[in-house]
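Topology and contacts: notes
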Amino acid sequence: MNQLGKFYITTPIYYVNDKPHIGHAYTTILADIMARWHRLGGDSVFFLTGTDEHGEKVEAAAAKAGQTPQRFVDSIVGTYVEAWKKLGISYDGFVRTTSPEHVRTVQEFIRRIKANGDVYKGQYEGWYCVSDESFWTDLQLKDGKCPECGREVKKVREESYFFRLSAYQDKLLEFYKANPSFLSPASRSSEILNRVREGLKDVSISRTTVKWAVPFPDDANHWVYVWVDALINYISAIGWPEGEGYKTYWPADVHLVGKEINWFHSVIWPALLLSAKLPLPKKVFAHGWWTADGQKMSKSKGNFVDPFTILGKYSVDAFRYFLVREMPLGSDGDFSEKSLVARINGELVADLGNLVYRVLTLAERFGSQPSGNPELESKLNITAIKERMAELDTFGALNAIWDFIRETNRYVNEKKVWALQGGELSNALYNLLESCRIISILLSPFLPETSARINEQLGVAAGTIADCRFGVFNGRVKKGDYLFKKVEQKQG
Ligand code: MSP
């Protein structure tokens, strides 16, 4: 794992114009899995999430709701906190961009880049997409609409402060070259590299017309552009410049983001940090997008998958499992209740639940065994799992864990363990109990509730990565209910 023994992972901070949906849940669950995995390995982890509360989009949503922006954002933040609680998100910090600490940090950061000669006043003229809170040029528009989300854009013509992004093209290219795993996964790096090679234009970092924002330092007519405000959360939340958290955890090990905000994280954020003379994060990991029943999710279609609705019908671990298993590294994924049910029945019930139930039934009947010949150990490729997790390939790691679950089930069948006797029986039980204990450890970042239930039934304490070897089991078995229940699928 990480040599320094610390791991700082962040999610994007979410716009609070609306309540959380499956896309937000996915990024946050992925970060949670990585945080839990590093804790298992003994790292000191800081897992940050939070909310992006300023800007035109949030201001408009508040106006529509007939509330002041602050009241409105306070109410939406609550639904995020509740969603993360229900989804078992083990965050260490929750940052809000309307907090006074954050506001002060943004102002201090801007003063520094200004003092370094990278900020100047000019006139901005171009297009603005309120939904993405992003500026676009004539050439970038697609059929006169936002090239990212396809929505209407509006013309903006106003005085603005600019950041000299153009000065950082060579430095960024050098940095990417020296740090080949910064742009992750590798399949997404070329789109960033190509755009940076084409040349970088200076970017607007202040607005005069959008006032639900951080006041620009030393100029009462300007407010900080929401994306600059937002990116700084990654250091404000840990107390930059002087705080202990900053000293311990910066630079971030991973900024986890969705693919549509990769540019802000892989280009603008590192350039801002270079300007402020601060160390750069080690990795930006951009995941794919979810569709729902094969369709893009959108407000107009009203087809956003609501995590609260799913959790009303299925367990949190089934949802977490599905999200990881259904989106391969670097690809997009499609959510449908039908595929969720298929995975619950075919994998959680038939593979995992069945294995644990069978092993515990046998162990209760015949007694557990503390030692034997570790025949199943060679079927477990723990190095492969560690390698996948180091790449943030939770999909690949979960597949590798599942291969071991299936091998263990096969062992029960091939050996016909229920019909064995004497030394053969006790050796098989030794192998099976050790395998279930290790499976529970490996699954704990993915399925924390299920892992706790397996431990309870095995009568063991929660283990660490160091315990993922044979010869550790010392439990008192107490079989419980099946871990997962089969879901009856309606025909049609
Ligand atoms: N506020 C900005 C981020 C600032 S970070 C300094 C923002 N917020 S967001 O609420 O719109 O979305 C945040 C995250 O949700 C992104 O990582 C985005 O990719 C993810 N998702 C939103 N919709 C999604 C899908 N349909 N599928 C997968 N993830 C998507 O952007």
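Right, let's talk about the overall build of the protein for a bit. A count of helical and extended segments in the protein gives 17 helices and 16 strands. Taken against the 2.2 N^0.38 rule, which gives 23 Å for 492 residues, the C-alpha radius of gyration of the protein at 25 Å falls within 12% of a compact globule. Taking the principal axes of the C-alpha coordinates as reference, the protein spans close to 85 × 50 × 40 Å. Classification of the 492 residues of the protein by burial places 56% in the buried group. Long-range pairs, those at least 24 residues apart, make up 78% of the contacts in the protein between residues at least 6 apart in sequence. Taking the average location of the 61 positive side-chain charges in the protein and that of its 59 negative ones, the two points are 2 Å from each other.

Attention shifts here to helix 17 (residues 448-458). Along an α-helix, a turn takes 3.6 residues, which lines up residues three or four apart on a common side. Those residues of helix 17 not exposed but buried are P448, T450, S451, I454, N455, Q457 and L458. Buried-residue contacts for helix 17 involve helix 1 (22-40), helix 12 (316-326), helix 13 (337-366) and helix 16 (422-443).

This part is about the pattern of salt bridges. Going through the model one piece at a time under the given rule, you end up with 30 salt bridges. Between K313 and E337 there is a salt bridge; the shortest N-O distance is 2.6 Å. Taken together, the residues span a long stretch of sequence, with K313 in helix 11 (residues 307-313) and E337 in helix 13 at a distance of 24 residues. Accessibility expressed as a relative area gives 55% for K313, which makes it exposed. Classification of E337 as partly exposed rests on a relative accessible area of 32%. With a closest N to O distance of 3.5 Å, K485 and D481 form a salt bridge. Taking the relative accessible area as the measure of exposure, K485 reaches 59% and is therefore exposed. A relative accessible area of 47% places D481 in the partly exposed class.

Let's shift gears to the site of the ligand. By nearness alone, 24 residues border the ligand, and I13, D52, G258, E260 and W290 come closest of all. With respect to the ligand, the side chain of D52 contributes an N or O atom lying 2.7 Å from a nitrogen atom. Here a nitrogen atom of the ligand and a backbone polar atom of W290 are 2.8 Å apart. For the ligand, whose free accessible area comes to 660 Å², the fraction covered by protein is 95%. Contributions of two or more residues to the shell around the ligand are made by strand 2 (14-15), helix 1, helix 7 (226-231), helix 8 (233-236) and strand 12 (254-258).

Below, the discussion takes up the sheet that holds strand 9 (residues 203-204). Taken in spatial order, the four strands make up an open sheet running 6-5-7-9, and their pairing is antiparallel. Every other strand in the sheet has two partners, leaving strand 6 (134-136) and strand 9 as the edge strands with one partner each. Direction of pairing for strand 5 (residues 119-129) relative to strand 6: antiparallel, over a ladder of three bridges. Paired with W127 across the strands is W136, a residue of strand 6.

Strand order in the open sheet made by the three strands is 15-14-16, with mixed pairing throughout. The sheet is open, and its two edges are formed by strand 15 (295-296) and strand 16 (333-335), each paired on a single side. In terms of strand pairing, strand 14 (residues 290-292) meets strand 15 through two bridges, oriented antiparallel. The residue bridging A292 from the neighbouring strand is Q295, located in strand 15. Packing of helix 12 onto the sheet brings it into contact with strand 14 and strand 16, and relative to strand 16 it is tilted by some 145°.

About the cut-offs
- Residues numbered from 1 in each chain as written.
- Predicted model: local features only at pLDDT ≥ 70, side-chain atom pairs only at ≥ 80, totals over all residues.
- Heavy atoms only, no water.
- Helix = DSSP H or I, 4+ residues; strand = E, 2+ residues; numbered from the N terminus.
- Rg over C-alpha atoms; globule rule 2.2 N^0.38 Å.
- Buried < 20%, exposed > 50% of the residue type's maximum accessible area, 1.4 Å probe, protein only.
- Contact = heavy atoms within 4.5 Å.
- Lys, Arg positive; Asp, Glu negative; His and termini not counted.
- Charge placed at Lys NZ, Arg CZ, Asp CG, Glu CD.
- Salt bridge = Lys/Arg side-chain N within 4 Å of Asp/Glu carboxyl O.
- Near = heavy atom within 4 Å.
- Polar contact = N/O pair within 3.5 Å; in protein donor to acceptor, adjacent residues only side chain to side chain.
- Areas by Shrake-Rupley, 256 points an atom, 1.4 Å probe, with all protein chains shown as cover.
- Pairing = 2+ DSSP bridges.
- Axes fitted to C-alpha atoms, helices over the stretch in contact; angles between N-to-C directions.

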